[in-house]
Structures are given as C-alpha cells and as structure tokens.
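Listed below, chain by chain, are the residues.
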Amino acid sequence: MIWHYINLIFRWTSIIRWNNFPRTENVSTTDNLAFVLHISLLLSWILKEKEWIEIDELYIFKKLIFWSFNTLILSDINSDVKSRIRLKNPKISDELDDKTFQFMYWIKVPDSIRYELKFINDNKNNPKYKIEHDLLTFSKRVSVCYEVLANSKIHSDVYENILISIRKELDNPDFKMFLKYVNPSSETSNDFEKYLLNIRRLQSNYRWNMHKKIYPISVMSHLYITFFLLYVIGKIEEKTEKEMLELLKIAIFHDIPEAITWDIVWPTKRAVPWLEELIAEVETDMLDEYFLVYLDWLKFKDDFKRYMLKPWEWENWKLAKMADIFSSLFESKLEVRYDDKFAKIYKDTKRKLHGYKYKSADYLLKYWVDYFDDNMEDIIKL
C-alpha cells in the first residue's frame, strides 16, 4: 500500500550522506533530493529562455521520484561502490536495479502510479529523453560537488580524491551546455550558483524549531516530502499532466522564503493587528534583495517569485496546502512517543485533515496513518 512508499520517504530523513567521512555539515538523503530538484528546475528554465530548448520537467520529476527509491532500498551500498560495480559487471548491476523495480512494482498503490513507475523504468535508456537524463545526472553531480566542497574546506586531505573524481565526472561532453550556467568547480560563483547556494541554506533550517525533537527534519527535506505527497495526491485526484507539473512546482517552491527570512510562527504574526501583512511586505523586500536579485535579468524571475510568495494564486493550491499539512502530520507522528506536545499537534492536525473533502485525503488517512509504526525492514525483501 501507499504507506510503504511514504514510510520509505521518511526513512530518508534519517540517512545522512558521507556517513563514513568527517563532515562539516549533515545532509540527509531528502535534503539532497530537494536540492537536485532545484538544480534541475533552474537549468530547465534557463535552457528554455537562453537556448530555446524545451525540457520535459514533469518527466524529470517522475524519474527522480522513482530513481530515488532505488537509492533507499539499496542504502547499504554507497554511490561510489555502485558505480564501480556497474563498471566491473553491468549485468549484475542491472539485475540489482531490476530487483528494486520489481519490489516497488509489487507494492499495492493506485494503478496510475504503478503505470508511471513502469514507464520510467522502460524509458531509462530511451534516446528521446537523453537531455532530461543528462540534466538530472548533471544535477545530481552538482549537488554532490557542493557537498564535497563544503566538507573539503576543513577536511581537505580526506576529500581530495573525491573532489578530483567528481570534477572529472562533471567534465563530461554531455554536460557542456549545462556547465555554461552552473559550474561549482569554477573559482568564483556566478549569479545562478549564488541563487542555488541560498536555496541550499534550507538544509540547515529545521522545522518545529521551538520544540525538542528526536527526528529533526529540515525545511529542505520538508520540500521533498511535500513534493512526493503532492505527486500521490495529484494522481489520486486524476489531475492532468499540466496540473501535476503546476502542483509539483508549488511543492518545490512553497517554503523557499524561509531560506532568507526564517520561519515566523502564526501566533507571532497575529500578535498585533496588521503585523501579518507588514511581515509579508518585509519578506517580499528581503526575498528580492537577497535572493531573487540573482535572477533579475531573466524573464522567468516573476514566475519563480509567484510560486514562492503567492502559491494560492494557482488553481490547485488547496491540494498543495493539504500535502503540506500531511507532511506536518507525519513529522509530528514521529515525535508523539517522546513529547506530549506533539501528541496534541498530531491529534489537531489529523482532525484538520478530516475536514478536507478530497478522495486523496481519505485515501492517505486510510492507507497510511494506521500503518505508520510497521517495520519497513520486515517489508523490504529483495
């Protein structure tokens, strides 16, 4: 059932990358996935405006969703080991990938999701989607490069060979066009890279910051969780491809202002009449001055700004808000047994979700909440 997929997503929030290296930062798998999404999306809009190349963004989103399950299910094998296995014996590597696909396909989820899982798997080598495959691969390499650069500033000797290796991977003829706009190996950062690095700050911004938590979840991870939940919700609600793309962009952008302004809680915003409106004006000014300034000369800046600041202007924003609340429900559920405050938050959030009259709300409440505590180790059998 869908709870298998969702519980796997939440397991990613506890998987810290570079776990066998000394680190200056802790980046979870979900942090990484959200950042890869932002790199891909920024470059797809740049290519459309500057190179007149149309990118199938929805295909990239779907591929990342289903590719990422492979990463979690095989979490005991790090990326370098997997790369070496593929080089030494592609047949074994393919068999391993096929096993994870079969496991995901076996799980009982809506047919529309299983169809897209199969579609992405069947087209993984389709030349029709070469630029999308290259863009997603490049975005993953860029994300890794930023992680290595951050850690190598303190632990230079440990990361020296890794940095050489990732720079060599980026120096790929298939990536030449992308490197014109984003090149983390350059000595100075251009405006696009500064924009991405400001988004990257969200991996250090943690939700429920006024509460003691056993499972801290960053705002960056929350973006990916909401993104995945909104994909499931959109499929259950039988949204069109155009509507799905809109929904997923709302999810990716909806908390970006917190990278600049931090999260100001509702009780504070409503403490004084008109303070909420004043804070909204200040947030808009700060977002322009410290963040969107890096996109000043691009036509799509206003679209990005609208997704960040006015998601309710989009037709399906209520579904996006519902996904955001479901994420809060899941996050609070993780903490219930450790803090009574979260027990109340969980109860109130669940009651709020029962007020949404969508079949997707009923589906998620029925096929996730009661199964949250099941042990995924008993489920994953390849």
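The preceding data block contains the structure.
Residues numbered from 1 in each chain as written. Predicted model: local features only at pLDDT ≥ 70, side-chain atom pairs only at ≥ 80, totals over all residues. Heavy atoms only, no water.

### A word on the side chain of Glu335
Part 1 of the reasoning: Along the polypeptide, Glu335 turns up in helix H17 (residues 317-335).
Part 2 of the reasoning: We classify Glu335 as buried; its relative accessible area is 1%.
Part 3 of the reasoning: Among the polar contacts made by the side chain of Glu335, one reaches the main-chain amide nitrogen of Tyr215 at a distance of 2.8 Å.
Part 4 of the reasoning: Residues contacting Glu335, with those up to four places away along its chain left out, are Lys213, Ile214, Tyr215 and Phe342. (Helix = DSSP H or I, 4+ residues; strand = E, 2+ residues; numbered from the N terminus. Buried < 20%, exposed > 50% of the residue type's maximum accessible area, 1.4 Å probe, protein only. Polar contact = N/O pair within 3.5 Å; in protein donor to acceptor, adjacent residues only side chain to side chain. Contact = heavy atoms within 4.5 Å.)

### Overview of the environment of Leu64
Part 1 of the reasoning: Mapped onto the elements of the fold, Leu64 is located in helix H3 (residues 57-73).
Part 2 of the reasoning: Between the C-alpha atoms of Leu64 and Leu37, which are 27 residues apart in sequence, the distance is 8.0 Å.

### Some thoughts on the packing of helix H2 (residues 29-50) against helix H10 (residues 191-200)
In helix packing, the relevant descriptors are the interaxial angle and the interaxial distance, both defined with respect to the helix axes.
Part 1 of the reasoning: Across the interface, H2 lies against H10 with an axial gap of 10 Å and an inter-helix angle of 150°. By the criterion of interaxial angle, the relationship of H2 to H10 is roughly antiparallel. As H2 runs across H10, the sense of the crossing is right-handed. On the side of H2, the interface is formed by Phe35, His38, Ile39, Leu42 and Ile46, while H10 contributes Phe192, Tyr195, Leu196, Ile199 and Arg200.
Part 2 of the reasoning: Here the residues of the contact of H2 with H10 are counted per class, giving eight nonpolar, one polar and one charged. (Axes fitted to C-alpha atoms, helices over the stretch in contact; angles between N-to-C directions. Parallel < 35°, antiparallel > 145°, perpendicular 65-115°, else oblique. Left-handed = near helix turned anticlockwise from the far one by under 90°. Nonpolar A, V, L, I, M, F, W, Y, C, P; charged D, E, K, R; others polar.)

### Points about helix H18 (residues 340-354)
Part 1 of the reasoning: In this model, H18 (15 residues) spans 22 Å end to end at C-alpha, consistent with the 21 Å of a helix rising 1.5 Å per residue.
Part 2 of the reasoning: Residues of H18 that are buried: Phe342, Ile345, Tyr346, Thr349 and Leu353. Across the axial projection of H18, the buried residues extend over an arc of 100°, all falling on one side. The outward face of H18, more than 90 degrees from its buried face, is lined by the exposed residues Asp340, Lys344, Lys347 and Arg351.
Part 3 of the reasoning: Structurally, H18 contributes buried residues whose contacts are with H17 and helix H19 (359-367).
Part 4 of the reasoning: Measuring from the backbone nitrogen of Lys341 back to the side-chain oxygen at the start of H18 gives 2.9 Å, which picks out Asp339 as the cap. (Expected span 1.5 Å × (residues − 1). Arc of directions from axis to C-beta.)

### Overview of the pattern of salt bridges
Part 1 of the reasoning: Under the defined criterion, the tally for this structure stands at 19 salt bridges.
Part 2 of the reasoning: Notably, a salt bridge pairs Lys62 with Glu116, separated by 2.7 Å at the nearest N-O pair. Pair noted here: Lys62 is in helix H3 and Glu116 is in helix H6 (residues 111-122), with a separation of 54 residues, a long-range link.
Part 3 of the reasoning: Of the residues examined, Lys62 reaches a relative accessible area of 9% and is grouped as buried.
Part 4 of the reasoning: Here Arg351 ties to Asp348 by a salt bridge, and the two come within 3.2 Å at their closest N and O atoms. (Salt bridge = Lys/Arg side-chain N within 4 Å of Asp/Glu carboxyl O.)

### Examining the packing of aromatic side chains
Part 1 of the reasoning: Summed over the entire model, instances satisfying the criterion amount to 28 aromatic pairs.
Part 2 of the reasoning: A ring pair is formed by Phe61 and Phe227, whose centres lie 5.5 Å apart and whose planes are at 90°; its orientation type is edge-to-face. Here Phe61 is found in helix H3, whereas its partner Phe227 is found in helix H11 (residues 219-236), with 166 residues between them in sequence.
Part 3 of the reasoning: Since its relative accessible area comes to 1%, Phe61 is described here as buried.
Part 4 of the reasoning: Look at Tyr195 and Phe291: their rings are 4.9 Å apart centre to centre, the planes differ by 20°, and that puts the pair in the stacked class. Linking Tyr195 in helix H10 with Phe291 in the loop between helix H15 (275-290) and helix H16 (301-309), this pair joins segments that are 96 residues apart in sequence. Assigned by exposure class, Tyr195 and Phe291 land together as buried.
Part 5 of the reasoning: Through pairs of rings, three or more aromatic residues link up here, namely Trp45, Tyr195, Phe253, Phe291, Phe300, Phe304 and Tyr307.
Part 6 of the reasoning: Over the ring of Phe35 we find Arg200; its NZ or CZ atom is 6.0 Å from the centre of that ring.
Part 7 of the reasoning: Here the basic side chain of Lys333 rests over the ring of Tyr346, its NZ or CZ set 4.9 Å away from the ring centre. (Phe/Tyr/Trp six-rings, centres within 6.5 Å; stacked < 30°, edge-to-face > 60°. Lys NZ or Arg CZ within 6 Å of the ring centre and 35° of its normal.)

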